[in-house]
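# Summary of the model geometry
Given next are the chains, with one letter for each unit.
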Amino acid sequence: MNKFDLDKLASLSGEQTFGKDVVLAGAELEAWVADSLIQSFSRKIDGDSSADLSMKDFETTIKRVVPMGQMRKDEFTKIRAWANENAVSASLSQTSQGSVMQSEEFIGGRKLDF
């Protein structure tokens, strides 16, 4: 593990590579690692006897990853808009001052009537 810069890997898997508000999900991280392992193995098959998994493999393969959040951004935006109008939030919202808003204070969306 010492040969991997975890801070750089975390940075590569987020906004630095993909833009604002786009980060890799768990399955996408798993696919990135698998692709990097294949990249390393491919170098070994091509005759590079020292072809262990390296940061270079991760840096090379991240360029081929297209996150679901980026690929289907318009669909997710539509789903969020629909949910804001038609669904009840499962969690409490906080105001910019940090206090928790009561259900009567929610703007938009459905409210539960008891």
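### Digging into the nonpolar core
Formed by F4, L9, L12, F18, V22, L24, W32, L53, M55, F58, I62 and V65, the largest nonpolar core amounts to 12 residues. Every element with two or more residues in this core is listed here: helix 1 (6-12) and helix 4 (55-61). Setting aside its immediate chain neighbours within four residues, F18 contacts L12, S13, L24, I62, V65, P67 and Q70.

### A closer look at the pattern of salt bridges
Here the structure, examined in full by the defined rule, presents six salt bridges. In this structure, E59 engages K8 in a salt bridge whose closest nitrogen and oxygen atoms are separated by 2.7 Å. With E59 in helix 4 and K8 in helix 1, this pair connects stretches of sequence that are 51 residues apart. A residue is classified by how much of its surface remains accessible, and E59, at 27% relative accessible area, is partly exposed. Measuring nitrogen to oxygen at the nearest pair gives 3.3 Å for the salt bridge that ties D35 to R64. Residue D35 is located in helix 3 (residues 26-45), and its partner R64 is located in the loop between helix 4 and helix 5 (68-71); the two are separated by 29 residues in the primary sequence. Overall, D35 belongs to the partly exposed group, its relative accessible area being 22%.

### Description of the packing of aromatic side chains
Using the criterion set out here, one finds two aromatic pairs in the structure. Between F4 and F58 the ring centres are 5.8 Å apart and the planes differ by 85 degrees, which places this aromatic pair in the edge-to-face class. With F4 in the segment before helix 1 and F58 in helix 4, this pair connects stretches of sequence that are 54 residues apart. Neither F4 nor F58 differs from the other in exposure class; each is buried. Note on W32 and F58: the rings are 5.4 Å apart at their centroids and 80 degrees apart in plane angle, and the pair reads as edge-to-face. Highlighted residues: W32 in helix 3 and F58 in helix 4, separated in sequence by 26 residues. The exposure classification of W32 matches that of F58, with both residues buried.

Calculation rules
Residues numbered from 1 in each chain as written. Predicted model: local features only at pLDDT ≥ 70, side-chain atom pairs only at ≥ 80, totals over all residues. Heavy atoms only, no water. Core = buried A, V, L, I, M, F, W, Y, C linked by side-chain atoms within 4.5 Å. Buried < 20%, exposed > 50% of the residue type's maximum accessible area, 1.4 Å probe, protein only. Helix = DSSP H or I, 4+ residues; strand = E, 2+ residues; numbered from the N terminus. Contact = heavy atoms within 4.5 Å. Salt bridge = Lys/Arg side-chain N within 4 Å of Asp/Glu carboxyl O. Phe/Tyr/Trp six-rings, centres within 6.5 Å; stacked < 30°, edge-to-face > 60°.

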